[in-house]
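The primary structure of each chain is shown beneath.
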Amino acid sequence: KTLRRISIKKFTEMVYNNHFSKNYLELEKRKKSFETKIELALKKSNFVEAKAFVGKLGRVIKELKRVN
């Protein structure tokens, strides 16, 4: 019954750990990582690299659907 300050990252991990499997949290992190890599590759006009990351992102999304 007390209030305490925690970071958004810590709060998110706490919610995920209490309501989702550890595998789900790891897959979400990988998904975000690939989205960032795709964005950076597109900014550099490196479409081959972006396409490779899109394929990997697709596989992670399929895994997320199975876990969820």
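Preceding block: the structure.
My aim in this report is to walk through the structure given alongside it, one point at a time.

### Overview of the overall build of the chain
So, point 1. For the chain, the helix and strand inventory stands at three helices and zero strands.
So, point 2. Listing every helix and strand of the chain by position from the N terminus yields α-α-α.
So, point 3. Against the 2.2 N^0.38 benchmark of 11 Å for 68 residues, the chain shows a C-alpha radius of gyration of 16 Å, more extended than a compact globule.
So, point 4. When the 68 residues of the chain are sorted by exposure, 18% land in the buried category.
So, point 5. Within the chain, contacts between residues at least 6 apart in sequence are counted, and of these 47% link residues at least 24 apart.
So, point 6. Placing the 19 positive and 7 negative side-chain charges of the chain at their respective mean positions leaves the two points 3 Å apart.

### As for the nonpolar core
So, point 1. Formed by Y16, Y24, L25, L27, F34, I38, F53, L57, V60 and L64, the largest nonpolar core amounts to 10 residues.
So, point 2. Sorting the residues of this core by element identifies α2 (22-43) and α3 (47-67) as the ones contributing at least two each.
So, point 3. When sequence neighbours within four positions are dropped, the list of residues in contact with L64 reads Y24, L27, E28 and K31.

### A short note on the pattern of salt bridges
So, point 1. Going through the model one piece at a time under the given rule, you end up with four salt bridges.
So, point 2. In this structure, K43 and E39 form a salt bridge, with 3.5 Å as the shortest nitrogen-oxygen distance. Of this pair, K43 and E39 both sit in helix α2, four residues apart, which is roughly one turn of that helix.
So, point 3. Assessed through its relative accessible area of 62%, K43 is described here as exposed.
So, point 4. In this structure E39 comes out as partly exposed when scored by relative accessible area, which is 45%.
So, point 5. The shortest N-O distance in the salt bridge between E49 and K44 comes to 3.9 Å.
So, point 6. A relative accessible area of 30% places E49 in the partly exposed class.

Parameters at a glance
- Residues numbered from 1 in each chain as written.
- Predicted model: local features only at pLDDT ≥ 70, side-chain atom pairs only at ≥ 80, totals over all residues.
- Heavy atoms only, no water.
- Helix = DSSP H or I, 4+ residues; strand = E, 2+ residues; numbered from the N terminus.
- Rg over C-alpha atoms; globule rule 2.2 N^0.38 Å.
- Buried < 20%, exposed > 50% of the residue type's maximum accessible area, 1.4 Å probe, protein only.
- Contact = heavy atoms within 4.5 Å.
- Lys, Arg positive; Asp, Glu negative; His and termini not counted.
- Charge placed at Lys NZ, Arg CZ, Asp CG, Glu CD.
- Core = buried A, V, L, I, M, F, W, Y, C linked by side-chain atoms within 4.5 Å.
- Salt bridge = Lys/Arg side-chain N within 4 Å of Asp/Glu carboxyl O.

The quantities given are spatial measurements derived from coordinates; they are silent on function.
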